[in-house]
Amino acid sequence: MMAAINKIDKSANVWSLATGALHNDKQVMLHWLQAIPSGRGAKYQRERLLQSMKGLLAALIEQGGEGGPFAAGTINNYFQSIRRIVAWMTERAIWAFRDLKPGQIVDYIIFR
């Protein structure tokens, strides 16, 4: 069974992903305003990082997998993975993916 194709509005604060009968057609919701731990960083830092996070996930969705579009559950798993690395980054005052150094990436892999 083919996964539903999700059209994503990158400006939206909540992304609603279609599912199929396996999930009783219940939509998966990605809540972007909860994606960065509260109380961290300035508003501009959070906004810039949030846009980068959305862009990264949108690119993954657009690329899809070998078997076609990703299912909502797979997209949600990517979302959760991005949230985890961002929580780790912001705890260390890293506010852009481009600022990650190779040694920090190794530290994250060991951390998780």
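Residues numbered from 1 in each chain as written. Predicted model: local features only at pLDDT ≥ 70, side-chain atom pairs only at ≥ 80, totals over all residues. Heavy atoms only, no water.

Caption draft 1: Structural context of the overall build of the protein. The helix and strand inventory of the protein stands at 3 helices and 2 strands. Viewed in the frame of its principal axes, the protein has a C-alpha envelope of about 40 × 30 × 20 Å. The proportion of buried residues among the 112 residues of the protein is 29%. Excluding contacts between residues fewer than 6 apart, the proportion of contacts in the protein whose partners are at least 24 apart in sequence is 49%. As presented, the protein carries roughly 7,300 Å² of accessible surface, and 53% of it is formed by carbon and sulfur atoms. Here the protein contributes 14 positive and 8 negative side-chain charges, whose respective centroids are spaced 6 Å apart. (Helix = DSSP H or I, 4+ residues; strand = E, 2+ residues; numbered from the N terminus. Buried < 20%, exposed > 50% of the residue type's maximum accessible area, 1.4 Å probe, protein only. Contact = heavy atoms within 4.5 Å. Areas by Shrake-Rupley, 256 points an atom, 1.4 Å probe, with all protein chains shown as cover. Lys, Arg positive; Asp, Glu negative; His and termini not counted. Charge placed at Lys NZ, Arg CZ, Asp CG, Glu CD.)

Caption draft 2: A look at the environment of A93. Along the chain, A93 turns up in the loop between α2 (72–91) and α3 (102–111). Since its relative accessible area comes to 56%, A93 is described here as exposed. Between the C-alpha atom of A93 and that of R40, which follows or precedes it by 53 residues, the distance is 8.5 Å.

Caption draft 3: Broad picture of the packing of α2 against α3. Where α2 contacts α3, the axes come no closer than 11 Å and their chain directions differ by 115°. The handedness of the crossing between α2 and α3 is right-handed. Side by side, α2 and α3 meet where S81, R84, I85 and W88 of the first sit next to Q104, D107, Y108 and F111 of the second. Taken together, the residues of the contact of α2 with α3 break down into 4 nonpolar, 2 polar and 2 charged. (Axes fitted to C-alpha atoms, helices over the stretch in contact; angles between N-to-C directions. Left-handed = near helix turned anticlockwise from the far one by under 90°. Nonpolar A, V, L, I, M, F, W, Y, C, P; charged D, E, K, R; others polar.)

Caption draft 4: Broad picture of the pattern of salt bridges. The tally for this structure, following the rule as stated, stands at 2 salt bridges. Taking the shortest distance from any N to any O, the salt bridge between E91 and R92 comes out at 3.0 Å. (Salt bridge = Lys/Arg side-chain N within 4 Å of Asp/Glu carboxyl O.)

Caption draft 5: Examining the side chain of K54 more closely. Mapped onto the fold, K54 is located in helix α1 (residues 43–63). If sequence neighbours within four positions are ignored, K54 has contacts with K10, S11, A12, N13, W15 and W32.

Caption draft 6: Representation of α1. The first and last C-alpha atoms of α1 sit 30 Å apart over 21 residues, in line with the 30 Å expected at 1.5 Å per residue. Listed in full, the buried residues belonging to α1 are Q45, L49, L50, M53, K54, L57, A58 and I61. Packing partners of the buried residues in α1 comprise β1 (14–17), β2 (28–31) and α2. Immediately beyond the C-terminal end of α1, within one or two residues, lies G64, with a positive phi of roughly 70°. (Expected span 1.5 Å × (residues − 1).)

Purely geometric stuff here, so don't read any function into it on its own.
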